[in-house]
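Observations on the model geometry
Chain by chain, the residues run as shown.
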Amino acid sequence: MSIATMKRRTLLQSGAGLGLAMTVGIDSAANAQGLKSLDLATPGGILNNYIKLLGSLRESNVYVAFSGTLWGMAPDRVPEALCGFGGLARHQWNPKGQSYRRKSFDVGYFSDLESGEPIDTMVNPFTGETVEPFHYKYGGGEQLFTEAGLSAISGEGDTQEAKPYDLDWQSLGNQIWLTEGGGGEFPSPLPRETWPRESSGDAFRFASETTYSSTVDQLANPELTQADYTLFWSSVLSWEPWLLMDGKPGFVMWRGVGAKLRSYQDAPRPLLSYIEKEQSNYFDKADPWEGVVRNFDRFKAMRKPAS
């Protein structure tokens, strides 16, 4: 069976004035089954379908529950499942004319591989040492989605230059997938001189890819302002600092699945119980915390260098 593919490249099309271009390779039979009913060739159509899938075309809080396994990878070692994780993301979508703003807040925990319950200690199988997982909470930043691309909005309200989308759409019958990803590096937020056991070295490196799975019927239905999705997510990055790897070579891989929820109350009860305990205003306040919260900043504020 053929699979239809439409990959949106980061090319500038002369005369478009929008910094958008689409290269298309479509099998005609598969296209007749799925992608033909969607506008994925014009800037407005790309934006409309992207927002309808990721979030909502009208003002709304969109909740995404996710869970998975944290893996450790080191040279000359079989990969090890370190622990599980679970979390809930809250995305506040706010349309403004032909643009959309998103403000996100994530709360989650590391968990026991068997029970799925949050854990405060575990044995690092690479070192045999008991370590304390640093449960995560981050977000508060705002992003702007327009036909020109994606921009970050600073705390002062300044908007960065839009980065054109690079979206990979695939369909098979009524099923449709959107995949996006990227990677890079930045100077280590935990310098080796002051955090010798926690530091990843001079740089912190990362790469991630997320696939959203939905249906053509939902995206093509003009009466719906958002489409359901299931997500599949992988992220490879330098060692988590709480693993206390002492600068040893290797990395971790987050591998998770999740779904957009119709209501936050559809999230797993253990996850809701954790959030009620750790961030009791998460569902009640427009902003459950002030400013932008980053995990590395929290780690440096709440932990001391291990001896």
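Notes on the structure in this doc start here. (Residues numbered from 1 in each chain as written. Predicted model: local features only at pLDDT ≥ 70, side-chain atom pairs only at ≥ 80, totals over all residues. Heavy atoms only, no water.)

Looking only at helices and strands, the protein chain has five helices and 14 strands in total. Considering the protein chain as a whole, with its 307 residues, one finds that 45% of them fall into the buried category. Here the contacts in the protein chain between residues at least 6 apart in sequence split such that 64% fall between residues at least 24 apart. Total accessible area on the protein chain is roughly 15500 Å²; 49% of this is exposed by carbon and sulfur atoms. (Helix = DSSP H or I, 4+ residues; strand = E, 2+ residues; numbered from the N terminus. Buried < 20%, exposed > 50% of the residue type's maximum accessible area, 1.4 Å probe, protein only. Contact = heavy atoms within 4.5 Å. Areas by Shrake-Rupley, 256 points an atom, 1.4 Å probe, with all protein chains shown as cover.)

Our next topic: the side chain of His-91. Structurally, His-91 is set in strand β4 (residues 80-96). Overall, His-91 belongs to the buried group, its relative accessible area being 13%. Only 2.6 Å separates the side chain of His-91 from the side chain of Ser-104, close enough to count as a polar contact. The contact partners of His-91, leaving out residues within four places of it in the chain, are Ser-60, Asn-61, Val-62, Val-64, Arg-102, Lys-103 and Ser-104. (Polar contact = N/O pair within 3.5 Å; in protein donor to acceptor, adjacent residues only side chain to side chain.)

Next up on the list: the packing of aromatic side chains. Per the counting criterion, the structure on display carries 25 aromatic pairs. Arranged with centres 5.1 Å apart and planes meeting at 80°, the rings of Phe-105 and Trp-289 form a pair that is edge-to-face. Of this pair, Phe-105 sits in strand β5 (residues 99-111) while Trp-289 sits in the loop between α4 (269-278) and α5 (295-302), placing them 184 residues apart in sequence. Like Phe-105, the residue Trp-289 is buried in the burial classification. An aromatic cluster of three or more residues is present, and its members are Phe-66, Phe-85, Phe-110, Tyr-136, Tyr-138, Trp-233, Trp-242 and Trp-254. (Phe/Tyr/Trp six-rings, centres within 6.5 Å; stacked < 30°, edge-to-face > 60°.)

Tracing the backbone shows Ile-275 in helix α4. Put simply, Ile-275 and Val-107 are 168 residues apart on the chain and 7.1 Å apart in space, counted from C-alpha to C-alpha. Apart from residues no more than four positions distant in its own chain, Ile-275 is found in contact with Leu-88, Val-107, Ser-280, Tyr-282 and Phe-283.

Along α4, the positions that sit buried rather than exposed are Leu-271, Leu-272, Tyr-274 and Ile-275. One side of α4 holds all its buried residues, which, seen down the axis, span an arc of 160°. Residues of α4 that are exposed and point more than 90 degrees away from the buried face comprise Arg-269 and Lys-277. Those residues of α4 hidden inside the fold are in contact with β3 (60-73), β4 and β5. (Arc of directions from axis to C-beta.)

Moving on: the environment of Glu-180. If you trace the backbone, Glu-180 turns up in strand β11 (residues 175-187). Spatially, the C-alpha atom of Glu-180 lies 6.6 Å from that of Thr-211, the residues being 31 residues apart in sequence. Setting aside chain neighbours within four positions, we find Glu-180 in contact with Tyr-50, Leu-54, Asp-166, Leu-167, Ser-208, Glu-209, Thr-210 and Tyr-212. Polar side-chain contacts of Glu-180 include one of 2.7 Å to the side chain of Tyr-50. Of the polar contacts made by the side chain of Glu-180, one reaches the side chain of Tyr-212; its length is 3.5 Å.

It is worth spelling out unusual backbone geometry at this point. You will see that Asp-76, though not glycine, has its phi angle at about 60°, which is positive. Looking at where Asp-76 falls in the secondary structure, it is placed in the loop between β3 and β4. Asp-76 gets classed as exposed once you look at its relative accessible area, which sits at 83%. Despite not being glycine, Leu-244 has its phi angle at roughly 55°, a positive value.

What follows is about the environment of Val-107. Inspection of the secondary structure puts Val-107 in strand β5. Its relative accessible area of 2% is what places Val-107 among the buried residues. Note: C-alpha distance between Val-107 and Lys-137 (30 residues apart in sequence) is 4.5 Å. Beyond its immediate stretch of four places on either side in the chain, Val-107 contacts Gly-87, Leu-88, Tyr-136, Lys-137, Tyr-274, Ile-275, Gln-279, Tyr-282 and Trp-289.

Counting across every chain of the model gives 10 salt bridges. In this structure, the salt-bridge partner of Arg-101 is Glu-142, at a minimum N-O distance of 3.4 Å. Of this pair, Arg-101 sits in strand β5 while Glu-142 sits in strand β8 (residues 137-146); the two residues are 41 residues apart in sequence, bridging distant segments of the chain. For Arg-101, a relative accessible area of 29% puts it in the partly exposed group. Of the residues examined, Glu-142 reaches a relative accessible area of 24% and is grouped as partly exposed. With a shortest N-O distance of 3.7 Å, Asp-246 and Lys-248 are connected by a salt bridge. With relative accessibility at 36%, the residue Asp-246 sits in the partly exposed group. Here Lys-248 falls in the partly exposed class, since its relative accessible area comes to 38%. If you follow the salt bridges from partner to partner, you end up with Glu-129, Arg-197, Asp-246 and Lys-248 in one network. (Salt bridge = Lys/Arg side-chain N within 4 Å of Asp/Glu carboxyl O.)

All quantities given are derived from atomic positions and should not be read as evidence of function.
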